[in-house]
Amino acid sequence: MTSPDPALAPNYPRWAIIGIFLMMVIGAISVARDFLMPVVSACVLFLVFMPMMRRARRMGMPRPLAAAGIVTSMVLIISVIVVSLRGPAVQIVDNFPEISQQVGRKLSDVIDSFKRLDRAVGDAMQTGDSPAADGSSASGAPAPGPTPEASGTTAFSLADIGGANVVSVFLTAPTILAQVLFTAILLYFLLASGDMFYLKIIQSFGTIRDKRNAYRVLRRIETGLGDYFGAITLINAVLGVAVGVAMWLLGMPVPVMFAVLTFVLNFIPFVGAVIGVVIVGSVSLLWYDGFAQPALVMTAFLVLTGIEGQFITPMMVSRKVQMNTAVLFVAVAFWAWLWSVMGMLVAVPLMVAIRVIAEHVPGMAMLANFLSGEDEKPLPPADEGEEDTLPPMDLSPYRG
């Protein structure tokens, strides 16, 4: 039996400690989600709105006033979205018993159709006869249809599920409102402080070279997130209008609701389009008789979202924020597991920040290349002779 290499022996406990530390960090992030979600959201929004704050400062607007204007505008936009969705949501809640019964009847009809087909095929295989055109079995007895008890059971189950979901929404509403309020207040303080937040981070580094590199990283993250959210917001607005017009042309109820839902859901990578298809398909199945028109509605929605996802977004989103699709999908799934919907929203900004940091930290070039998009080379770090075109920081307000 050979003894382990002494040079490698010290690595064993180190990697074990690193693994335990990572598991503890993930557990802490999951446990502290109610506190960390608004903090992370406020920091991401701070980086997104900082260019707007600088433009307001160049126009002579005081920092507190500019920060209050940005935060107020954001809250008003969220309020408009909530109000536009409130009417259809209340209508769905009020009519949920009738909707659940209708869904139960349609599901029962579909299930019974499959049962009759299966029974007819089984009889044909046993007797060698073909099933009758009217759905009767080979013995001549008609296949049993859906019973009232079966439909009522399905509808009752759906009503119970829907009632439980409505109750859970009302129970979690105060928590969500408190997190939104906390995010808005923290964002105001961050924006009102201006570049002081950057200054405190830069002051934690010792050498001038490290300070400049830290400043470059912060500004690159800021630029990347601004480019990403600016392009995505414009794309989602155009896509929402297109979906709303398509739903109106196809005769769907409340097309404005589908436009707003599309605008909001498309901020969630991968999953948002799937949720949109499920919502559009469910409403169309309830609104129309048969399956031809719902299939047309879902096809129109899929075509519009497919054109946006495959052509428009890759063309408009800067290459500096394009990511490895497989890694991004895993990141979205991981943060959805930790923080649910909010995790899916912050997954892309966090990946953009990690990629920018990896591009500027020595020894992390492989990670930066792994996170980058197809056929794209990461930016060289600051110490490889790249000309620095970022504007200098104005530190005069913090001197003396």
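Residues numbered from 1 in each chain as written. Predicted model: local features only at pLDDT ≥ 70, side-chain atom pairs only at ≥ 80, totals over all residues. Heavy atoms only, no water.

(A) Highlighting the environment of Leu36. Its place among the elements puts Leu36 in helix H2 (residues 33–58). Expressed as a C-alpha distance, the spacing of Leu36 and Trp339, which sit 303 residues apart in the sequence, is 9.5 Å. In contact with Leu36, not counting residues within four places along its chain, are Ile29 and Trp339. (Helix = DSSP H or I, 4+ residues; strand = E, 2+ residues; numbered from the N terminus. Contact = heavy atoms within 4.5 Å.)

(B) Geometry of the packing of aromatic side chains. Within the structure shown, the criterion is met by nine aromatic pairs. Ring plane angle 80° and centroid distance 5.6 Å describe the contact between Phe334 and Trp335, whose orientation is recorded as edge-to-face. Grouping aromatic residues by their ring pairs yields a cluster made of Phe334, Trp335, Trp337 and Trp339. (Phe/Tyr/Trp six-rings, centres within 6.5 Å; stacked < 30°, edge-to-face > 60°.)

(C) Summary view of helix H6 (residues 196–203). For H6, the set of buried residues is Tyr198, Leu199 and Ile202. Buried residues of H6 fall within an arc of 100° about the axis and therefore sit on the same side. Buried residues along H6 sit in contact with H2 and helix H7 (208–249). (Buried < 20%, exposed > 50% of the residue type's maximum accessible area, 1.4 Å probe, protein only. Arc of directions from axis to C-beta.)

(D) Seen up close, the nonpolar core. Among the nonpolar cores identified, the biggest contains 54 residues, and Phe46, Leu187 and Leu191 are the most heavily contacted of them. Only H2, helix H3 (63–94), helix H5 (148–193), H6, H7, helix H8 (255–265) and helix H11 (325–360) provide two or more residues apiece to this core. By residue number, the principal contributor to this core is H11, which donates 15 residues. Judged by nonpolar contacts, the second largest core, of 14 residues, contains Leu239, Met247, Met252 and Phe258. (Core = buried A, V, L, I, M, F, W, Y, C linked by side-chain atoms within 4.5 Å.)

(E) Up close: the environment of Ala333. For Ala333, the position within the fold is in helix H11. For Ala333, a relative accessible area of 42% corresponds to the partly exposed category. C-alpha separation for the pair Ala333 and Gly343, spaced ten residues apart in sequence, amounts to 8.6 Å.

(F) Local environment of the pattern of salt bridges. Within this structure, the stated rule accounts for three salt bridges. When the shortest N-O distance is used, the salt bridge between Glu222 and Arg219 registers 3.6 Å. Here Glu222 pairs with Arg219, and both are found in helix H7, just three residues apart, close to one helical turn. For Glu222, a relative accessible area of 3% gives the class buried. Its relative accessible area of 12% is what places Arg219 among the buried residues. Through salt bridges with shared partners, one network takes in Arg54, Arg219 and Glu222. (Salt bridge = Lys/Arg side-chain N within 4 Å of Asp/Glu carboxyl O.)

(G) Expanded view of unusual backbone geometry. Phi is positive for Val254, close to 50°, though the residue is something other than glycine. For Val254, a relative accessible area of 37% corresponds to the partly exposed category.

(H) Local environment of a nonpolar patch on the surface. On the surface, Leu234, Val238, Val303, Ile307, Phe311, Ile312, Met315 and Met316 cluster together to form a nonpolar patch covering roughly 780 Å² of accessible area. Elements that contribute at least two residues to the nonpolar patch include exactly H7 and helix H10 (292–316). Among the elements that line the nonpolar patch, the one with the most residues is H10, at six residues. Position of Met315 relative to the elements: it lies in helix H10. Residue Met315 is classed as exposed on the basis of its relative accessible area of 66%. (Patch = residues over 30% accessible without salt bridge, like charges linked within 9 Å, V, L, I, M, F, W, Y side chains within 5 Å. Areas by Shrake-Rupley, 256 points an atom, 1.4 Å probe, with all protein chains shown as cover.)

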